Amino acid sequence: MAQNCGTFLYSLLDYKTEKFVVAQNKTVGILFRLFQLGVIGYLIGWVFIWKKGYQEREEAIQSSVFTKLKGVALTNNSDPGLQVWGAEDYVIPSQGDRVFFIVTNYLQTPNQKLGFCSESPKVPDGVCSHNADCPEGEAVTAGHGVKTGRCLNNTGTCEIHGWCPVEHDNAPSVPLLEKAEDFTIYIKNFIRFPKFDFSKSNVLSTANKSYLKTCRYNKDHSPYCPIFRMGDIVRWSGHNFQDVAVKGGYIGVVIDWICDLDKDYSECNPQYSFTRLDALKNLNDSIISGYNFRFARYYRDADGQLYRSLFKVFGIRFDIMVNGEAGKFSIIPTVVNIGSGLALLGAGVFICDMILLYMMTTSSFYRDRKFERVRSKSKERRHRDEKHSRHQRHARDGHHKKENRTGAEEQPLKTLSSPPAHSPETQPLVSDSLEKPHNSGRKLPITSLSRLHHSPERNAMSPVSSSRTPGSSLQ
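Rules used in this analysis
Residues numbered from 1 in each chain as written. Predicted model: local features only at pLDDT ≥ 70, side-chain atom pairs only at ≥ 80, totals over all residues. Heavy atoms only, no water. Helix = DSSP H or I, 4+ residues; strand = E, 2+ residues; numbered from the N terminus. Expected span 1.5 Å × (residues − 1). Contact = heavy atoms within 4.5 Å. Buried < 20%, exposed > 50% of the residue type's maximum accessible area, 1.4 Å probe, protein only. Pairing = 2+ DSSP bridges. Phe/Tyr/Trp six-rings, centres within 6.5 Å; stacked < 30°, edge-to-face > 60°. Lys NZ or Arg CZ within 6 Å of the ring centre and 35° of its normal. Axes fitted to C-alpha atoms, helices over the stretch in contact; angles between N-to-C directions. Parallel < 35°, antiparallel > 145°, perpendicular 65-115°, else oblique. Left-handed = near helix turned anticlockwise from the far one by under 90°. Nonpolar A, V, L, I, M, F, W, Y, C, P; charged D, E, K, R; others polar. Patch = residues over 30% accessible without salt bridge, like charges linked within 9 Å, V, L, I, M, F, W, Y side chains within 5 Å. Areas by Shrake-Rupley, 256 points an atom, 1.4 Å probe, with all protein chains shown as cover. Salt bridge = Lys/Arg side-chain N within 4 Å of Asp/Glu carboxyl O. Disulfide = S-S within 2.5 Å.

Trainee: What's the story with helix 7 (residues 331-358) in this structure? I'm lost.
Mentor: Residues separated by three or four positions in an α-helix point in the same direction, a consequence of the helix having 3.6 residues per turn. Taking 1.5 Å of rise per residue, the 28 residues of helix 7 would be expected to cover 40 Å, and the 40 Å separating its terminal C-alpha atoms lies within 8% of that figure. Tucked into the core, helix 7 has its buried residues touching helix 2 (26-50), strand 1 (55-58), strand 15 (306-329) and helix 8 (363-370).

This is the structure we're talking about:
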């Protein structure tokens, strides 16, 4: 266990470096090249050309909007009679802002004064059948006054104390200010990108003083004119002005400043878009669409009696929204995006390696060529010395085994051979045994004699060969 832990700890100190192996596999090669082309196309086409990834971006735009409306309309209603409407009459609020309302239709209840009258039959809480249904001092829910405790039989409603007569609720089916279609809206917008210290306005810089009095915005012919015709705005939102003007609606005017600050100052210009915000799909006639509210104008007669005219107005509310984004070249996002592209190329290498080394039938062949363990010179020398010493030990062991085998083969000869030459008792014994084989009762095998004469090792080792003399009988 300790040895395994030591081996693991030492393996943590190993360094792995890449080995480049050229695998002549057409399938993986085509896949790798396609991946490279895809990454390069994404990096150049999408990141750098389309998204301008070489730029530093800023979306925290600072903006101010000022609006001014102009136009005159004439109405001839039965109650107030002939009336002329100017911008101070139909624009609420009159000072102009990024959110404003323009009256296109209205319902007027003139000459109201405080008194007692019957509640409108269209108010459910004001309907009654006897006095108990009209408790005194209780306000009529969604009505026009406070109940007096009397139920008026001729109308079937409660008597109230309030501004009388109560409001008429018969809105006209056509817009009374139908000429509002030709009203003009002057939208002045100033923007600033604080990071780049860049500021601009949507008003065209020109020395012609009559330019703003005569121009009208047109996307193709006059894209830099800040004056818009009201009917065109509604039409560009996808609706008809006369239909919207009856019940009113919400129109969103979006000003987008998408500026490439690497280009000329004049290339940074606003882009306008228009949409109706209250029109849900297939619900144009729903009660949730439209826009209206009430307001009153007060006055006194010659006797000092207080009167008021109540207006329920319908119209179009405009919401002006300003968005912006600016970009300018910076080395930091450029390097980051290039590094991301190189990382994606590395992912392609990883994927192709996984396919080549683990998912193909010849994966073991490629793994053997891919991975190789290399030691340092000292470790390699130590390993070579250990290997050499093992070979030497094996050689010595083999030599000893060979000697043992040779000794085993020589054992029968040693029993028949004579003692050393310096022993005088042994010479007659050998000669006698060779000359007189019948006395000893044993014969020396011929093979043994031939082996004795022809084996150099045995001549060197045998006592018989060492005791030979020129006059020996073996000659």
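Trainee: Looking at this structure, how should I read the pairing of strand 6 (residues 99-118)?
Mentor: Each regular strand carries side chains that alternate between the two faces of the sheet. Across the 20 residues of strand 6, 14 count as buried, placing the element largely inside the fold. Note that strand 5 (residues 91-92) and strand 6 share 2 bridges and pair antiparallel. Following the sheet pairing, Ile92 is matched in strand 6 by Phe101. The hairpin turn running from strand 5 into strand 6, its antiparallel successor, is 6 residues long, and Gly96 in that turn takes a positive phi close to 85 degrees. Relative to strand 15, strand 6 is paired through 11 bridges, and the arrangement is antiparallel. Residue pairing for strand 15: Gln112 is matched across the bridge by Arg308. Across 6 bridges, the pairing between strand 6 and strand 8 (residues 157-164) is antiparallel. Among the inter-strand pairings, Phe116 is bridged to a residue of strand 8, identified as His161.

Trainee: Would you explain the packing of aromatic side chains in this entry?
Mentor: We describe a pair of aromatic rings using the distance from one ring centre to the other and the angle between the two ring planes. Evaluation of the coordinates by the stated rule reveals 22 aromatic pairs. Ring centres of Tyr217 and Tyr272 lie 5.0 Å apart, and the angle between their planes is 70 degrees; on these two criteria the pair is classed as edge-to-face. Pair noted here: Tyr217 is in the loop between helix 4 (211-214) and strand 11 (227-229) and Tyr272 is in strand 13 (residues 270-276), with a separation of 55 residues, a long-range link. For Tyr217, a relative accessible area of 9% translates into the label buried. One aromatic cluster is present, built from ring pairs that chain together Trp85, Phe101, Tyr106, Tyr250, Tyr291, Phe293, Phe295 and Phe311. The ring of Tyr265 carries Lys200 above its face, with NZ or CZ at 4.7 Å from the centroid.

Trainee: Looking at this model, I keep getting lost on the packing of helix 2 against helix 7. Mind explaining?
Mentor: Describing two packed helices takes the angle between their axes plus the distance from one axis to the other. Remark: helix 2 packs on helix 7, axes separated minimally by 10 Å, with the N-to-C direction vectors making an angle of 165 degrees. Regarding the angle of helix 2 to helix 7, the classification is roughly antiparallel. Judged by the sense of rotation from one axis to the other, the crossing of helix 2 with helix 7 is right-handed. When its residues are assigned to classes, the contact of helix 2 with helix 7 shows 18 nonpolar, 5 polar and no charged.

Trainee: Please clarify how a nonpolar patch on the surface should be interpreted in this entry.
Mentor: On the surface, Phe329, Ile331, Ile332, Val335 and Val336 cluster together to form a nonpolar patch covering roughly 510 Å² of accessible area. With 4 residues, the top contributor of residues to the nonpolar patch is helix 7. Along the chain, the position of Val335 falls in helix 7.

Trainee: What's the story with the state of the cysteines in this structure? I'm lost.
Mentor: Throughout this description, disulfide means a covalent bond between two cysteine sulfur atoms. Using the criterion set out here, one finds 5 disulfides in the structure. Here Cys128 is linked by a disulfide to Cys151, with a sulfur-sulfur distance of 2.0 Å. Measuring the twist about the S-S bond at about 95 degrees, one finds the Cys128-Cys151 disulfide to be right-handed. Of the two residues, Cys128 sits in the loop between strand 6 and strand 7 (145-152) while Cys151 sits in strand 7, which places them 23 residues apart along the sequence. The same class applies to Cys128 as to Cys151, namely buried. Linked covalently through their sulfurs, Cys134 and Cys158 form a disulfide whose S-S length is 1.8 Å. Taking the sign of the S-S torsion, -80 degrees for the link of Cys134 and Cys158, the bridge is left-handed.

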